[in-house]
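A look at the structure
Each chain, written out:
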Amino acid sequence: MIQAARREFAPAKLNLTLHVTGRRADGYHLLDSLVVFLDVGDVVTLTPGPLSLGIRGPFAAGLDAGPDNLCLRAARLAGREAAITLEKRLPVASGIGGGSADAAAVLRALDAPATGIQTLGADLPVCFAGRHSRMRGLGEILDPLPAMPQLHLVLVNPGHGLSTPSVFRALAHRDNPAMPDPLPEWPDMAALIGFLHDCRNDLEAPAIALMPEIATCLAALRGADAQLARMSGSGATCFGLFADADQARMAAADLAVAHPGWWVTSSGLAPAKG
Ligand code: C5P
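Fair warning: this is a prediction, and the values are worked out from it, not measured in the lab.

Our focus in this paragraph is the overall build of the chain. Of the regular secondary structure elements, the chain holds eight helices and ten strands. Taken against the 2.2 N^0.38 rule, which gives 19 Å for 274 residues, the C-alpha radius of gyration of the chain at 18 Å falls within 12% of a compact globule. Projected onto its principal axes, the C-alpha coordinates of the chain cover approximately 50 × 45 × 35 Å. Residues classed as buried in the chain amount to 42% of the 274 residues present.

Right under this line is the structure:
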């Protein structure tokens, strides 16, 4: 059992790019993705006590607190007992890491080693490290990114979850080009945006085929003058990149009014980790 209470932020992860570069014999896909962490996220709190999980917060209703919950699976993997409270601020099954970010935060709070954590999900290693990274393989090959300019983002989620396996199943082309290696430098925002425009999220088209409202989210972000609009992960959350923080805040406010059923928030990057 843990000795003292711990509070750990579980930042949202965002796939600025997500190239699907192949498929292994076991059906898992090889990825090449730029993953960054945001200043919005869930919060996990651990206090001494037998293993338990309570969920509260705006998206608590969408999540089962049963034994299969990734927070409980993470604690069992670490072999530690704690009373866990999850403050669910991010929409569930939304392509911005939620479950993986929460499990990684539990593991960090328990000072657990990284051994075996990928059994909990492909995004566990990158979420556990919590560093802006280029992520390859099934998610286990991580290279820290060169310094990133501050990003001014708006996140938009149409209000429904999307199942990751069904999006991968709907993918038409599984052998797509990787990003350049090594990655170029991004001396400023214009260079980064230019690079991102040359990249893709290969899961965007199959996700739109399953949930056409994602295309509406992307069009709304572009209509709000985003310099780039793209889906994150296997969706359905989309992001827009804006020129500065004020433009992002104003765009988020306008989109929230125009689409009351959507989850909309402005966001920046989490502070860089050493
Ligand atoms: O690991 P995670 O829980 O995110 O994966 C959910 C599902 O997405 C997997 O069971 C698999 O069907 C699919 N997936 C995949 N290739 C990956 C990651 C996930 O096919 N690299």
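A few words now on the site of the ligand. Around the ligand, the surrounding shell consists of Tyr28, His29, Leu31, Gly121, Ala122, Asp123, Leu138, Thr164, Pro165 and Phe168. Counting residues per element, the ones that place at least two in the shell around the ligand are strand E2 (29-47) and helix H4 (164-169). Of all the elements, H4 adds the most residues to the shell around the ligand, at three residues. Looking at the shell around the ligand, its residues break down into six nonpolar, three polar and one charged. There are two domains that each give the shell around the ligand at least three residues, and those are domain 1 (6-144) and domain 2 (152-267).

What follows covers the UniProt feature "domain: GHMP kinase N-terminal" (unreviewed entry) in the chain. Residues annotated by UniProt as "domain: GHMP kinase N-terminal" (unreviewed entry) correspond here to residues 70-111. Across residues 70-111, helical content stands at 50% and strand content at 12%; the span's end C-alpha atoms are separated by 17 Å.

Right, let's talk about the environment of Leu203 for a bit. Along the chain, Leu203 turns up in the loop between helix H5 (189-198) and helix H6 (204-210). You can call Leu203 buried: it has 26 C-beta atoms within 10 Å. Separated by 85 residues in sequence, Leu203 and Gln118 place their C-alpha atoms 21 Å apart. Those residues within four positions of Leu203 in sequence are excluded, and the remaining contacts are Leu18, Val20, Val167, Leu171, Met231, Ser234 and Gly235.

For the rest of this paragraph, the subject is the UniProt feature "domain: GHMP kinase C-terminal" (unreviewed entry) in the chain. The positions that UniProt labels "domain: GHMP kinase C-terminal" (unreviewed entry) are, in the present scheme, residues 198-252. Here residues 198-252 is 49% helix and 16% strand, with 25 Å between the C-alpha atoms at its ends.

Take helix H2 (residues 98-109) next. In this model, H2 (twelve residues) spans 16 Å end to end at C-alpha, consistent with the 16 Å of a helix rising 1.5 Å per residue. Burial of H2 is extensive: eleven of the twelve residues sit out of reach of the surface. Buried residues of H2: Gly98, Gly99, Ser100, Ala101, Asp102, Ala103, Ala104, Ala105, Val106, Leu107 and Ala109, and no others. Summarising the contacts, the buried residues of H2 are in contact with strand E1 (6-23), E2, helix H1 (70-78), strand E4 (83-87) and helix H3 (124-129). Positive backbone phi, approximately 50 degrees, marks Asp111, located one or two places after H2.

Now for the packing of H1 against H2. Close contact between H1 and H2 brings their axes to 8 Å; oriented N to C, the two are set at 35 degrees. Read as a crossing pair, H1 and H2 show a hand that is right-handed. Note on element contacts: H2 touches H1 through Gly99, Ser100, Asp102, Ala103, Val106 and Leu107, opposite Leu70, Cys71, Arg73, Ala74, Ala75 and Ala78. Tallied by class, residues from the contact of H1 with H2 come to eight nonpolar, two polar and two charged.

The next point concerns the domain arrangement of the chain. Its domain assignment divides the chain into domain 1 (6-144) and domain 2 (152-267). Once you take the C-alpha centre of each, domain 1 and domain 2 turn out to be 20 Å apart. Contacts between the two partners involve 22 residues from domain 1, matched on the other side by 30 residues from domain 2. At the level of secondary structure, the elements contributing two or more residues to the side of domain 1 that touches domain 2 comprise E1 and E2. Residue contributions to the side of domain 1 that touches domain 2 peak at ten residues, all from E1.

Our focus in this paragraph is the pairing of strand E6 (residues 141-144). Alignment of strand E5 (residues 133-137) against E6, held across four bridges, turns out to be antiparallel. Considered in E6, the bridge of Met135 is made with Leu142. In sequence, E5 turns back onto E6 through a hairpin of three residues, with Gly139 there showing a positive phi of about 120 degrees.

What follows concerns the nonpolar core. Counting 72 residues, the largest nonpolar core has Cys71, Val106 and Val154 as its most contacted members. Among the elements that line this core, the one with the most residues is E2, at eight residues. The two domains that each donate at least three residues to this core are domain 1 (6-144) and domain 2 (152-267). If sequence neighbours within four positions are ignored, Val154 has contacts with Leu221, Ala226, Phe239, Gly240, Phe242, Ala248, Ala251, Ala252, Leu255, Val264 and Ser266.

About the thresholds
- Going along each chain's sequence as written, the residues are numbered from 1 onward.
- Per-residue local features of the predicted model are confined to residues with pLDDT of at least 70, and side-chain atom pairs are confined, for both listing and counting, to 80 or more; whole-chain, interface and lining totals are unaffected and use all residues.
- Each helix corresponds to a stretch of at least 4 residues labelled H or I by DSSP, and each strand to a stretch of at least 2 residues labelled E; elements are numbered beginning at the N terminus.
- Put simply, the radius of gyration uses C-alpha atoms, and a globule should come to 2.2 Å times the residue count raised to 0.38.
- Neighbour counting defines burial: a residue surrounded by 20 or more other C-beta atoms within 10 Å of its own C-beta is buried, one with 12 or fewer is exposed, and intermediate counts give partly exposed, using backbone-placed C-beta atoms.
- Throughout this description, a residue near a molecule or strand is one whose C-beta atom, derived from the backbone, lies within 6 Å of it.
- Residues are grouped as follows: nonpolar covers Ala, Val, Leu, Ile, Met, Phe, Trp, Tyr, Cys and Pro; charged covers Asp, Glu, Lys and Arg; every other residue, Gly included, is treated as polar.
- Domain start and end points were adopted from an automatic or database domain assignment.
- UniProt positions are given in the numbering used here, feature names are shortened, and annotations may be inferred rather than shown by experiment.
- Any two residues are considered in contact once their C-beta atoms, placed from the backbone, lie within 7 Å.
- Given the number of residues in a helix, its expected span is that number minus one, multiplied by 1.5 Å.
- Each axis is a line fitted through C-alpha atoms, taken for helices only over the stretch in contact, and angles between the N-to-C directions span 0 to 180 degrees.
- Crossing handedness is defined as follows: a turn of the near helix away from the far one that is anticlockwise and smaller than a right angle gives a left-handed crossing, while the clockwise case is right-handed.
- Only strands that DSSP links by at least two bridges are regarded as paired with each other.
- Defined on buried residues, the nonpolar core groups Ala, Val, Leu, Ile, Met, Phe, Trp, Tyr and Cys residues joined through C-beta atoms within 7 Å.

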